[in-house]
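Report on the structure
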Amino acid sequence: MRATSLRTLASLAAQRNLSMRRWDFVAAYLQGDLEQGEVVYCHPPPGYATLGPDGKSRVCRVVKPIYGMAQAGRRWQ
C-alpha cells in the first residue's frame, strides 16, 4: 500500500467515524529507496546463474530495499 493510499483511507475512516484495525504492508519495502550513494550487493537468487562467462562469481546490485535487509525497515515511508 502506498503512503498516499494509506492517508486517503485514514482520512475517509476519520470522516465517517470508522476505526481501522488492521494494516497490510505487503509491498511496503519496495516503496522505499536506498540512501543516496549507498551501494548494496547480494548473491543471485536460486535459479539464476552464479558464475559468469569468465568463471567468476556473480553478484546482484540491489536498487530498492528488499525484505530482510538491515536497511529495509528504515527506508519505507
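All values reported here derive from a predicted model rather than from experimental measurement. (Residues numbered from 1 in each chain as written. Predicted model: local features only at pLDDT ≥ 70, side-chain atom pairs only at ≥ 80, totals over all residues. Heavy atoms only, no water.)

Further remarks concern the overall build of the protein. A tally of helices and strands in the protein yields two helices and two strands. Helices and strands appear in the protein in the N-to-C order α-β-β-α. Of the contacts formed within the protein by residues at least 6 apart in sequence, a portion of 45% connects residues at least 24 apart. Entry remark: accessible area of the protein is about 6600 Å², with carbon and sulfur atoms responsible for 53%. (Helix = DSSP H or I, 4+ residues; strand = E, 2+ residues; numbered from the N terminus. Contact = heavy atoms within 4.5 Å. Areas by Shrake-Rupley, 256 points an atom, 1.4 Å probe, with all protein chains shown as cover.)

Let us now look at helix α1 (residues 3-15). With 13 residues, α1 should cover 18 Å at 1.5 Å per step; its first-to-last C-alpha distance of 18 Å lies within 8% of that length. Downstream of α1 by one or two residues, N17 has phi in the positive range, about 55°. (Expected span 1.5 Å × (residues − 1).)

What follows covers the confidence of the model for the protein. Detailed reading of predicted coordinates is not advised where the pLDDT is low. Confidence in the prediction of the protein, expressed as mean pLDDT, is 77, and 70% of residues score 70 or more. Within the protein, the element-level pLDDT minimum falls on helix α2 (residues 72-75), averaging 54, and the maximum on strand β2 (residues 60-62), averaging 88. (pLDDT = per-residue confidence, 0-100.)

A grouping of L9, L12 and M20 is seen on the molecular surface, where their side chains present a nonpolar patch of about 220 Å² in accessible area. Along the chain, L12 falls in helix α1. L12 sits in the partly exposed class, given a relative accessible area of 35%. (Patch = residues over 30% accessible without salt bridge, like charges linked within 9 Å, V, L, I, M, F, W, Y side chains within 5 Å. Salt bridge = Lys/Arg side-chain N within 4 Å of Asp/Glu carboxyl O. Buried < 20%, exposed > 50% of the residue type's maximum accessible area, 1.4 Å probe, protein only.)

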